[in-house]
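# Fold and contact review
Here is what each chain is made of, one letter per residue.
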Amino acid sequence: MAASTAAGKQRIPKVAKVKNKAPAEVQITAEQLLREAKERELELLPPPPQQKITDEEELNDYKLRKRKTFEDNIRKNRTVISNWIKYAQWEESLKEIQRARSIYERALDVDYRNITLWLKYAEMEMKNRQVNHARNIWDRAITTLPRVNQFWYKYTYMEEMLGNMAGARQVFERWMEWQPEEQAWHSYINFELRYKEVDRARTIYERFVLVHPDVKNWIKYARFEEKHGYFAHARKVYERAVEFFGDEHMDEHLYVAFAKFEENQKEFERVRVIYKYALDRISKQEAQELFKNYTVFEKKFGDRRGIEDIIVSKRRFQYEEEVKANPHNYDAWFDYLRLVESDAEAETVREVYERAIANVPPVQEKRHWKRYIYLWINYALYEELEAKDPERTRQVYQASLELIPHKKFTFAKMWLLYAQFEIRQKNLPFARRALGTSIGKCPKNKLFKGYIELELQLREFDRCRKLYEKFLEFGPENCTSWIKFAELETILGDIERARAIYELAISQPRLDMPEVLWKSYIDFEIEQEETERTRNLYRRLLQRTQHVKVWISFAQFELSSGKEGSLAKCRQIYEEANKTMRNCEEKEERLMLLESWRSFEDEFGTVSDKERVDKLMPEKVKKRRKVQADDGSDAGWEEYYDYIFPEDAANQPNLKLLAMAKLWKKQQQEKEPGEQDPDADVAEQESGPSSSC
């Protein structure tokens, strides 16, 4: 064995060492290599000479060669359907229809699910006026693949072009049995309408709205009846649709269409009844379009007083009563303002907004202000988006920011919305001034992040640095801020500055997520290929914590460094970690370390190394212990698993005792298989059956 390994080692060729590693004087770029390769393609191959076939024997020879080529291509890969199609089309070009059919049939035996194959086959038959053959192919196609709509469309189109209306209708009926998508039903209906078969189209619509019971399909059915002058039928369809969907599935589009139909028939009272019926039953959020159409209808056929009395007055009176009863009911103000915005002039809307924002919460606690502040936000958005008045929008934002008691609490959302508004107005100094004031008056994480994001978008990196410094002075325990600052410096190419930021961060006495910060610092050094620095970082981290994941990460880093001796260093770290964690109370963590070590040795270690780690693996033992309730009373026994490590000197007697107990129990079972020794039961209850992990 040793001789064979020695011979194997001798056969491995030695890699020649490069003595001079200095760069060459003349450097060759990839672009130059590509250019030279292109220039060397000077000798273009001439096209093959054209062959003229003069007699039948030469033609037969040519056909034989081509067929042999096609058959060879098919034999190489039967599943490439394009080879079959090219072969069949070539035979078709020679008017060898029977041969082409044979090729298509062979191809269908290979892949009958290929849609292109069926289409090409049928098109060949139609092109050569083989109608019955084409029908046969379409029948086979729709029987084999009934969910491919293209086959049905082509088949019905062919029958219609041939003037075979009965055949086309029969194909459509077969298709409808599969309950296809909506477009297929519309195709069938349009087919009947092309030949003035209105009654047949009505029958198809009756089936269609039951298979696809959507509101839009009922509306299409009613409009079909209206278009052909059957107004009573159309009204009946709408009424059936209303009854079909009921109160649980009401849709505003159905009632809008129904009302417009009655409006076209000059039935204005029926229109009002329909709108009122729908508005009473559909929720306010889902009836925006309905309400809008009702307003338009009243503007057309009713007077202004009627519009206000019927549509707005009832709701406005209701909301007025609510806000009078409780002026601090901000949800009622929101609903009232939404009603006023939908159908009122700008001055009326402003008046209601001013009345709403005048109701300042009586207590300066943030939870009471959270709903109130949205009145200001909605007011500002209305002035900007609906009224198109930037100056009033600015006044609204400034008034709201003056009103908020910033010394007790603030709303970062308000500051950021104001800054974004000023940016939209191209007033960058105003936006910066607002955000600077917010940071000075009431610094918050969200404000700093928003300001930094703004400056990053403007590529003002010096300002970003200053903001990060202020941010970290305000919250030095925020690990995410340190990491983002260091990442910014890394992107800007200032590696030493980024490293200094990380050093400052890990030296902070209190951090909210120190593990994330250390991981980011280590990943940063790994990206910079600073192996020694990374190793030192791991050592410094292990001085602070002896967590098993840190040890495993350290070992995997040494393994992935790819330098000489990496395996030995990785093994050394596992050994050091195992020694350190002997006194660890968390045995699961120690077991996790040993399993990681074993997986490493399984991949890279020798047999002796594997055996050495296997000897360190613990034994999994089931034990019992008393459980006490919250009041201190005895709550019985519970079973749990414990790990006994061979290296622990204190546990050696227990291991020997367990081994002796196992041996004794085995001997007793061999002697008296039919009897149960009570002492064995007692020993089993005290220690529990042990099983190897």
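Now for a look at the structure at hand. Please read all numbers here as calculations on a predicted model, not as lab measurements.

## Some thoughts on the overall build of the protein chain
Helix and strand content of the protein chain: 36 helices and 3 strands. When burial is assessed residue by residue, the protein chain has 37% of its 693 residues classed as buried. Taking the contacts inside the protein chain whose residues are at least 6 apart along the sequence as the reference set, 47% of them involve residues at least 24 apart. Per element, the accessible surface of the protein chain, about 43500 Å² overall, is 50% carbon and sulfur.

## Looking at the pattern of salt bridges
With the rule as written, the count across this model stands at 28 salt bridges. Between Glu91 and Arg67 there is a salt bridge; the shortest N-O distance is 2.7 Å. With a gap of 24 residues between them, Glu91 in helix 4 (residues 81-93) and Arg67 in helix 3 (residues 56-76) connect regions that are remote in the sequence. Comparing Glu91 with Arg67, the two get one shared label, buried. When the shortest N-O distance is used, the salt bridge between Asp139 and Arg174 registers 2.9 Å. One end of the pair, Asp139, is in helix 7 (residues 131-144); the other, Arg174, is in helix 9 (residues 165-176), with 35 residues separating them in the sequence. The partly exposed category is assigned to Asp139, whose relative accessible area is 25%. Look at the salt bridges and you will find they share partners, linking Arg235, Glu239, Glu262 and Arg270 into a network.

## What about the nonpolar core?
By size, the foremost hydrophobic cluster in this structure holds 78 residues, and its most contacted members are Phe151, Tyr238, Leu254, Tyr255 and Leu290. With 7 residues, the single largest contributor to this core is helix 14 (residues 252-264). Contact partners of Tyr255, with chain neighbours within four places excluded, come to Val242, Met250, Ile274, Tyr277, Ala278, Ile282 and Leu290. In this structure, Ala332, Ile357, Tyr382 and Tyr397 belong to the second largest nonpolar core, which totals 35 residues.

## Observations regarding the side chain of Arg394
Position of Arg394 relative to the elements: it lies in helix 22 (residues 390-403). Within the local environment of Arg394, its side chain forms a polar contact with the side chain of Glu391, the two groups lying 3.0 Å apart. The residues touching Arg394, leaving out its near neighbours within four places in the chain, are Tyr418, Phe421, Glu422, Gln425, Asn427 and Phe430.

## Let's talk about the packing of helix 11 (residues 198-211) against helix 12 (residues 215-227)
Two measures define how a pair of helices packs: the angle their axes make with one another and the distance between the axes. Contact pair helix 11 / helix 12: the axes reach a minimum separation of 10 Å and the direction vectors enclose 165°. By the criterion of interaxial angle, the relationship of helix 11 to helix 12 is roughly antiparallel. Along this stretch, helix 11 crosses helix 12, giving a crossing that reads as left-handed. Contacts from Val198, Ala201, Arg202, Tyr205, Glu206, Phe208 and Val209 of helix 11 reach helix 12 at Asn217, Trp218, Lys220, Tyr221, Phe224 and Glu225. For the contact of helix 11 with helix 12, the residue count by class is 8 nonpolar, 1 polar and 4 charged.

## Description of the packing of aromatic side chains
All chains considered together, the criterion is met by 19 aromatic pairs. Seen in terms of ring centroids, Trp185 and Phe208 are 5.8 Å apart; in terms of plane orientation they differ by 25°. Their pairing is stacked. You can see Trp185 sitting in helix 10 (residues 182-194) and its partner Phe208 sitting in helix 11, a full 23 residues away along the chain. Judged by its relative accessible area of 1%, Trp185 falls in the buried class. The class of Phe208 is buried, set by a relative accessible area of 0%. The interplanar angle of 10° and the centroid separation of 5.0 Å between the aromatic rings of Tyr238 and Phe258 together place this pair among those described as stacked. Separated by 20 residues along the polypeptide, Tyr238 in helix 13 (residues 231-245) and Phe258 in helix 14 bring together distant segments of the chain. Here Tyr238 matches Phe258 in class, with each residue buried. Taken together, the ring pairs in this structure connect Trp152, Tyr153, Phe172, Trp175, Tyr188, Phe191 and Tyr195 into an aromatic cluster.

Cut-offs and rules
Residues numbered from 1 in each chain as written. Predicted model: local features only at pLDDT ≥ 70, side-chain atom pairs only at ≥ 80, totals over all residues. Heavy atoms only, no water. Helix = DSSP H or I, 4+ residues; strand = E, 2+ residues; numbered from the N terminus. Buried < 20%, exposed > 50% of the residue type's maximum accessible area, 1.4 Å probe, protein only. Contact = heavy atoms within 4.5 Å. Areas by Shrake-Rupley, 256 points an atom, 1.4 Å probe, with all protein chains shown as cover. Salt bridge = Lys/Arg side-chain N within 4 Å of Asp/Glu carboxyl O. Core = buried A, V, L, I, M, F, W, Y, C linked by side-chain atoms within 4.5 Å. Polar contact = N/O pair within 3.5 Å; in protein donor to acceptor, adjacent residues only side chain to side chain. Axes fitted to C-alpha atoms, helices over the stretch in contact; angles between N-to-C directions. Parallel < 35°, antiparallel > 145°, perpendicular 65-115°, else oblique. Left-handed = near helix turned anticlockwise from the far one by under 90°. Nonpolar A, V, L, I, M, F, W, Y, C, P; charged D, E, K, R; others polar. Phe/Tyr/Trp six-rings, centres within 6.5 Å; stacked < 30°, edge-to-face > 60°.

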